[in-house]
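Spelled out from the first residue to the last, the chains are:
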Amino acid sequence: MTSSITSCLALQRAIRPIARTALLVGAMVTTASALASQQTAPVAIAIHGGAGTLSAADLTDDLKAAYLGKMTEALRTGHNLLLSGGSSVDAVVATVEVLEQSPLFNAGIGAVMTFDGKHELDASLMSGADLQAGAVSGVTSVASPIRLAHAVMLQSPHVMLAGPGAEGFARSIGMPAVDNTSFTTPQRAEQLQRAKVRMNARMNARTDARTDLEQLLPPHKWGTVGAVALDRDGNLAAATSTGGMTAKRWGRIGDSPIIGAGTFADNRSCAVSATGHGEYFIRYNVAADICARVRYRQVTIGEAAHQVLFDELLPAGGTGGVIVIDPRGDIVMPFNTPGMYRGAIDTDGSLQLGIFSDSDPQH
Ligand code: ASP
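These numbers were taken from a predicted model, which means no experiment stands behind them.

### Comments concerning helix 5 (residues 145-155)
Item 1. With respect to burial, helix 5 is a largely interior element, nine of its 11 residues being buried.
Item 2. Among all positions in helix 5, only Pro145, Ile146, Arg147, Leu148, Ala149, His150, Ala151, Val152 and Met153 are buried.
Item 3. Where the residues of helix 5 are buried, they touch helix 4 (88-100), strand 2 (121-127), strand 3 (133-139), strand 4 (160-162), helix 6 (163-172) and strand 6 (236-242).

### Considerations on the sheet that holds strand 10 (residues 331-332)
Paired through their backbone hydrogen bonds, the strands of a sheet run either parallel or antiparallel.
Item 1. Here four strands make up an open sheet; going across it, the order is 7-8-9-10 and the pairing antiparallel. The sheet is open, and its two edges are formed by strand 7 (263-265) and strand 10, each paired on a single side.
Item 2. The sheet contact formed by strand 8 (residues 271-276) and strand 9 (residues 320-325) spans six bridges and is antiparallel. By the bridge assignment for strand 9, Ala274 is matched with Val322.
Item 3. On the sheet, helix 10 (residues 286-297) packs against strand 7, strand 8 and strand 9 and is oriented at approximately 140 degrees with respect to strand 8.

### Here's the deal with the site of the ligand
Item 1. By nearness alone, 15 residues border the ligand, and Thr224, Gly244, Gly254, Thr275 and Gly278 come closest of all.
Item 2. Every element with two or more residues in the shell around the ligand is listed here: strand 8 and helix 9 (278-283).
Item 3. Counted by class, the shell around the ligand contains two nonpolar, 12 polar and one charged residues.

Conventions adopted
Residues numbered from 1 in each chain as written. Predicted model: local features only at pLDDT ≥ 70, side-chain atom pairs only at ≥ 80, totals over all residues. Buried ≥ 20, exposed ≤ 12 C-beta atoms within 10 Å, placed from the backbone. Helix = DSSP H or I, 4+ residues; strand = E, 2+ residues; numbered from the N terminus. Contact = placed C-beta atoms within 7 Å. Pairing = 2+ DSSP bridges. Axes fitted to C-alpha atoms, helices over the stretch in contact; angles between N-to-C directions. Near = placed C-beta within 6 Å. Nonpolar A, V, L, I, M, F, W, Y, C, P; charged D, E, K, R; others polar.

Shown next, in the form of structure tokens:
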């Protein structure tokens, strides 16, 4: 296997039979895929389901199995598309849509709630072949924000649409409105209440406005989703979708819908989807910086991603992770948090999944 994909042997030992079955099935399907990919140009795909802090106690075996099962389904959706000759753009959109429709992740159904108890969704995608891109931010009534971002790229003269304007565009191309409450899950409602209690306590001890704003943001939680892929034509693509941060207000927008910050793809270097504390990822232009290092400094995607996450972001206080793929189909999925939901099917067709770090016994 040429890809430097994080090993998940320990994870396989730790998970319940249901997830083991999923992995085994994956391995069997892989054999056929592997044969096919030897005869044609390679395809590969990677996903993330958010980076952050999570204690093992919060992640029961059943929940872990549910995450691994859904990530497998998402990977297979995109990979099957790639195997049948589909484009990397279509593959990342279809893959991200599977994750948006799952209440497990902070995107679409299951998105985190704003301070006012609503959902404001952000998404973006980019095509590495021609540097076309589409993005939406602060949408409240679109079932699949990544589909809308795709439509912005294909059917509008613009790159990024926001709020009511983006909704109006969605209606104009026949995307029906869904109720904002259709994204709500009991877990996210509880998470908001807990965040508000914490925020109130901190407000009372406020010292200066800027530090306060940092403090007010709840500890970073999991769930933003993303995908990167290489198709048979050698084209790269990246896509990211999120509900943003719990208890966000004032129309806050993170890095996920910002081309260059949360999403970037360029066939001359790599494709990146990010997850993490968006304010840092915007200021450090994370996704584009990784690709620029690959293109101009001629370093590997592993070196570039490590430099940006650990040498630039971390000293500044920025936490999160990225998934990166290059034109050979090599994949890296580094993070500077205790874990990141992640998975990939490499050019050999083998599927791997991970949650905590490789060296972590919880992995
Ligand atoms: N990057 C997202 C944001 O800041 C959040 C995340 O990745 O979890 O909106």
